[in-house]
Amino acid sequence: MSPAISAASGGRAVNIAAYKFVTLDDLPVLREAMRERTLALGLKGTVLLAPEGINLFLAGSGEAIEGFLQWLRGDARFADLQVKFSVSDAVPFARMLVKIKREIIRMDHPTIRPEAGRAPGVDGPTLARWLAQGHDDAGRELLMLDTRNAFEVDVGTFEGAVDWRIARFTQFPSAVREHLHELQDKTVVSFCTGGIRCEKAAIYMAEAGVPHVYQLEGGILKYFEQTGGAGFTGRCFVFDERVSLDPALAPERDPAG
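In this report, we go over the structure that sits alongside the text. (Residues numbered from 1 in each chain as written. Predicted model: local features only at pLDDT ≥ 70, side-chain atom pairs only at ≥ 80, totals over all residues. Heavy atoms only, no water.)

### Brief notes about the pattern of salt bridges
Thought 1: Applying the stated criterion across every chain yields a total of 20 salt bridges.
Thought 2: A salt bridge links Glu 32 to Arg 31; the nearest nitrogen and oxygen atoms lie 3.8 Å apart.
Thought 3: A relative accessible area of 33% means that Glu 32 is categorised as partly exposed.
Thought 4: Taken together, the salt bridges that share partners define one network made up of Asp 26, Asp 75 and Arg 77. (Salt bridge = Lys/Arg side-chain N within 4 Å of Asp/Glu carboxyl O. Buried < 20%, exposed > 50% of the residue type's maximum accessible area, 1.4 Å probe, protein only.)

### As for the side chain of Glu 103
Thought 1: If you trace the backbone, Glu 103 turns up in the loop between β5 (96–100) and β6 (121–122).
Thought 2: Only 3.1 Å separates the side chain of Glu 103 from the backbone nitrogen of Asp 108, close enough to count as a polar contact.
Thought 3: At a separation of 2.8 Å, a polar atom in the side chain of Glu 103 contacts the side chain of Lys 200.
Thought 4: With residues up to four places along the chain from it excluded, the contact list for Glu 103 reads Ala 50, Glu 52, Asp 108, His 109 and Lys 200. (Helix = DSSP H or I, 4+ residues; strand = E, 2+ residues; numbered from the N terminus. Polar contact = N/O pair within 3.5 Å; in protein donor to acceptor, adjacent residues only side chain to side chain. Contact = heavy atoms within 4.5 Å.)

### Some points on helix α8 (residues 219–227)
Thought 1: Listing the buried residues of α8 in full gives Gly 219, Ile 220, Leu 221, Lys 222, Tyr 223 and Phe 224.
Thought 2: Trailing α8 by a residue or two, Gly 228 shows a phi angle of about 80°, which is positive.

### Comments concerning unusual backbone geometry
Negative phi values dominate among residues other than glycine, just as trans dominates among peptide bonds.
Thought 1: Despite not being glycine, Arg 165 has its phi angle at roughly 55°, a positive value.
Thought 2: Residue position: Arg 165 is located in the loop between β8 (156–158) and α6 (172–179).
Thought 3: Judged by its relative accessible area of 43%, Arg 165 falls in the partly exposed class.
Thought 4: In the Ramachandran plot, Leu 249 falls in the positive-phi region, its phi being about 65° despite a non-glycine side chain.
Thought 5: Tracing the backbone through its elements, the reader meets Leu 249 in the segment after β13 (244–245).

### Observations concerning the environment of Asp 136
Thought 1: Within the secondary structure layout, Asp 136 lies in the loop between α4 (124–133) and β7 (142–146).
Thought 2: Residue classification places Asp 136 among the buried positions, given a relative accessible area of 2%.
Thought 3: Linking Asp 136 and Lys 186, residues 50 residues apart in sequence, is a C-alpha distance of 9.4 Å.
Thought 4: Not counting residues up to four positions away in its chain, the partners in contact with Asp 136 are Trp 130, Leu 142 and Thr 187.
Thought 5: In this structure the side chain of Asp 136 is engaged in a polar contact, spanning 2.9 Å, whose partner is the backbone nitrogen of Gly 139.
Thought 6: A polar contact of 2.8 Å, which involves the side chain of Asp 136, links it to the backbone nitrogen of Arg 140.

### Description of helix α3 (residues 62–73)
Thought 1: In a regular helix each residue adds 1.5 Å, so twelve residues correspond to 16 Å; α3 covers 16 Å between its end C-alpha atoms and thus fits that length.
Thought 2: All of the buried residues along α3 are Gly 62, Ala 64, Ile 65, Glu 66, Phe 68, Leu 69 and Leu 72. (Expected span 1.5 Å × (residues − 1).)

### Points about the packing of α4 against α8
Thought 1: Packing of α4 against α8 leaves a shortest axis separation of 8 Å and a crossing angle of 80°. With respect to α8, the element α4 is oriented roughly perpendicular. When α4 is examined against α8, the residues Gly 124, Pro 125, Leu 127, Ala 128 and Leu 131 are found in contact with a partner set consisting of Tyr 223, Gln 226 and Thr 227.
Thought 2: Across the contact of α4 with α8, the residue classes tally to five nonpolar, three polar and no charged. (Axes fitted to C-alpha atoms, helices over the stretch in contact; angles between N-to-C directions. Parallel < 35°, antiparallel > 145°, perpendicular 65-115°, else oblique. Nonpolar A, V, L, I, M, F, W, Y, C, P; charged D, E, K, R; others polar.)

### Concerning the environment of Asp 25
Thought 1: Its place among the elements puts Asp 25 in the loop between β1 (13–21) and α2 (27–40).
Thought 2: Residue Asp 25 is classed as exposed on the basis of its relative accessible area of 70%.
Thought 3: Linking Asp 25 and Arg 165, residues 140 residues apart in sequence, is a C-alpha distance of 35 Å.

### Considerations on the pairing of β1
Thought 1: Buried residues dominate β1, accounting for nine of its nine residues.
Thought 2: Here β1 shows two buried faces, one formed by Ala 13, Asn 15, Ala 17, Tyr 19 and Phe 21 and the other by Val 14, Ile 16, Ala 18 and Lys 20.
Thought 3: Bridge count for β1 against strand β4 (residues 83–88) is six bridges, and the pairing is antiparallel. In the strand pairing of β4, Val 14 is matched with Val 87. (Pairing = 2+ DSSP bridges.)

Here it is in structure tokens:
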């Protein structure tokens, strides 16, 4: 087992979240291969496949997770897949699902293709420094923009963050158009749980005319991992039995309990 996974697990269940925007044109074949491999390894969770890429949330033993990642990264399309790790006393998913979708995160704007070019990103330590000093390195005021749904925001978010009370991500583009004037003279940092929504959100805002927009690399979960959650209030909602994670990546409700 790799040192990173071994250190993360300590004999507990290892949870991973990952996504990549990459063109996939063999979806039925890939779905069957994913289904066979995950079931053989005893993993549970969800893998979403779409023409634009892959989005996955899986949990199992450290050995099983490592075996899956080695297998997946053997495909050149996923060789550089970036993964976020956390642990729980038990697997927080009831079953294993592999689904083909129209988009791995639905926005209903097919021209937004992160594979073709991303908006600039800001990593966790840099953002923590910007938050502490109250501006970016160019001296511009920060605007932290939460791209998640309102019920997720209510569990926890960055201090002073803006959210537009959207009920689903497909409402985000119209919210941008409505609030575009508020974003012009600031450095806008879009953020979400694991990075996938803010990939599309930042591109959309840049194309809509927001001059200084970044995405938080790896989302809130990577920020917790890198910084311990500086400037974040509350917990990060997750879509599984753990309910939410605190800045130490500890679950609100462990499925073993």
